[in-house]
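Fold and geometry: a report
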Amino acid sequence: SAVISQKPSRDICQRGTSLTIQCQVDSQVTMMFWYRQQPGQSLTLIATANQGSEATYESGFVIDKFPISRPNLTFSTLTVSNMSPEDSSIYLCSTGGTGSGEKLFFGSGTQLSVL
Amino acid sequence: SQQGEEDPQALSIQEGENATMNCSYKTSINNLQWYRQNSGRGLVHLILIRSNEREKHSGRLRVTLDTSKKSSSLLITASRAADTASYFCATTGGGNKLTFGTGTQLKVEL
């Protein structure tokens with residue numbers, strides 16, 4: 001299992017600014033995943049972050065808007081850049097088992113509101 | 001998209017009753033998982049059923065999988081107020097990438 005500490009838990013930001021979300025895992029993990037959950041919606045994968053390489057982004061998400069860092073095997077950050085009200089969502093980091101499609105462990109989420 | 005669809009979207013029951021949620025998906029899968037989310041926070045893994053399994057139990061949870069119909073159901077027996085949450089199914093066709101369903105909001109009233 002893995003315990004993930006995610007912060008901030010919530011923030012209210014002004015349009016045009018950026019917010020960096022941090023996730024710290026209590027053990028070394030190969031992959032970390034970043035999800036977005038828009039109000040009342042399901043989770044959508046933003047990108048997969050591997051240590052030592054560029055993150056892999058899903059269709060519809062770009063590095064300029066959502067830059068990700070993965071400096072070591074226990075830590076990752078996601079930045080939401082040049083925010084607009086449409087970025088208001090819950091952002092979640094997660095990590096999974098080493099097997100194919102094994103269960104994920106999630107951080108507690110960051111609830112972002114953009115005014 | 002392989003995103004699953006769940007029904008009902010919302011379910012309200014009395015404490016002690018059983019709650020059944022259904023998930024349908026579109027493509028072949030390696031496994032199907034169910035997660036719970038309380039009040040828009042992080043998700044908690046409940047149970048995983050592999051494509052070659054038909055039924056699985058964990059405490060008050062019972063999951064079935066019908067790969068011929070591309071569907072799964074989650075049954076929560078003897079529900080409690082603490083079961084109030086959103087429930088999501090998630091599937092993978094390979095690799096570590098999970099695709100989440102649309103979710104069912106369950107409310108258990110005293």
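Source: prediction; values computed, not measured.

Our focus in this paragraph is the sheet that holds strand β7 (residues 61-66) of chain B. Residue and element names in this part refer to chain B. Pairing within the open sheet is antiparallel, and its five strands lie in the order β1-β3-β8-β7-β6. Looking at which strands have only one partner, the edges of the open sheet turn out to be β1 (5-7) and β6 (55-58). Averaged over all neighbouring strand pairs, the angle between strand axes comes to 15 degrees, with direction disregarded. Pairing analysis gives three bridges linking β1 to strand β3 (residues 19-24), with the strands arranged antiparallel. Directly across from Glu5, in β3, lies its bridge partner Ser24.

Another aspect to go through is the nonpolar core. Residue and element names in this part refer to chain A. Core analysis: the largest hydrophobic core is formed by 26 residues, its most contacted members being Trp34, Ile46, Phe66, Ile68, Leu78, Tyr91 and Leu112. Residue assignment for this core shows that the elements contributing at least two residues are β3 (19-25), β4 (31-37), β5 (43-50), β8 (75-80), β9 (89-96) and β11 (110-114). With four residues, β3 is the single largest residue contributor to this core. Not counting chain neighbours up to four residues away, the residues in contact with Phe66 comprise Arg36, Ile46, Tyr57, Phe61, Leu78, Thr79, Val80, Asp87 and Tyr91.

Now for the side chain of Ser73(B). All names here are of chain B. You can see Ser73 is positioned in strand β8 (residues 71-76). A polar contact is formed between the side chain of Ser73 and the side chain of Thr64, at a distance of 2.6 Å. With sequence-adjacent residues up to four places away left out, Ser73 is seen in contact with Thr20, Met21, Asn22, Trp34, Arg62, Val63 and Thr64.

Moving on, we come to the state of the cysteines. Residue and element names in this part refer to chain A. For the structure on display, the rule yields two disulfides over all chains. The thiol of Cys13 is not disulfide-bonded; the next cysteine sulfur, from Cys23, is found 16 Å away. Here Cys13 falls in the buried class, since its relative accessible area comes to 7%.

Another aspect to go through is the interface of chain A and chain B. Size of an interface, as often reported, equals the accessible area lost when the parts are brought together. Contacts between the two partners involve 25 residues from chain A and, on the opposite side, 23 residues from chain B. Both faces considered, chain A and chain B share a buried interface measuring about 1,800 Å² in area, 47% of it formed by carbon and sulfur atoms. Linking chain A to chain B there are one salt bridge. When the shortest N-O distance is used, the salt bridge between Glu102(A) and Arg50(B) registers 3.3 Å. Across the chain A-chain B interface, the total number found is seven residue pairs in polar contact (both at pLDDT 80 or more).

Rules and cut-offs
- Per chain, the residues get numbers from 1 upward, laid out in the order the sequence is written.
- Going through the entries in the order they are written, you letter the chains from A and number the ligands from 1.
- Given that this is a predicted model, residues contribute local features only at a pLDDT of at least 70 and side-chain atom pairs are listed and counted only at 80 or more, while totals for whole chains, interfaces and linings are drawn from all residues.
- Only hydrogens and water are set aside when side-chain values are computed; all heavy atoms of the structure are taken into account.
- Here, strands pair whenever DSSP counts at least two bridges between them.
- Counting from the N terminus, the helices are the DSSP runs of H or I reaching at least four residues and the strands are the DSSP runs of E reaching at least two.
- Fitted lines through C-alpha atoms serve as axes, helices being fitted only where they are in contact, and the angles separating the N-to-C directions of these axes extend from 0 to 180 degrees.
- In plain words, nonpolar cores are sets of buried Ala, Val, Leu, Ile, Met, Phe, Trp, Tyr and Cys residues tied together by side-chain atoms within 4.5 Å.
- Per-residue accessibility, obtained with a 1.4 Å probe over protein chains only, is compared with the maximum for each type, and a residue is labelled buried under 20%, exposed over 50%, and partly exposed between these values.
- It only takes one pair of heavy atoms within 4.5 Å for two residues to be counted as in contact.
- Polar contact criterion, stated in full: a pair of N or O atoms within 3.5 Å, where within protein one must be able to donate a hydrogen and the other to accept it, and residues adjacent in sequence count only if both atoms are side-chain atoms.
- Note on terminology: disulfide denotes any pair of cysteine sulfur atoms within 2.5 Å.
- When two parts are brought into contact, each loses some accessible area as probed by a 1.4 Å sphere; the total of that loss over both is the buried area.
- Salt bridges are defined as contacts in which a side-chain nitrogen from Lys or Arg sits within 4 Å of a carboxyl oxygen from Asp or Glu.

Without other data, these values stay purely geometric and don't point to any function.
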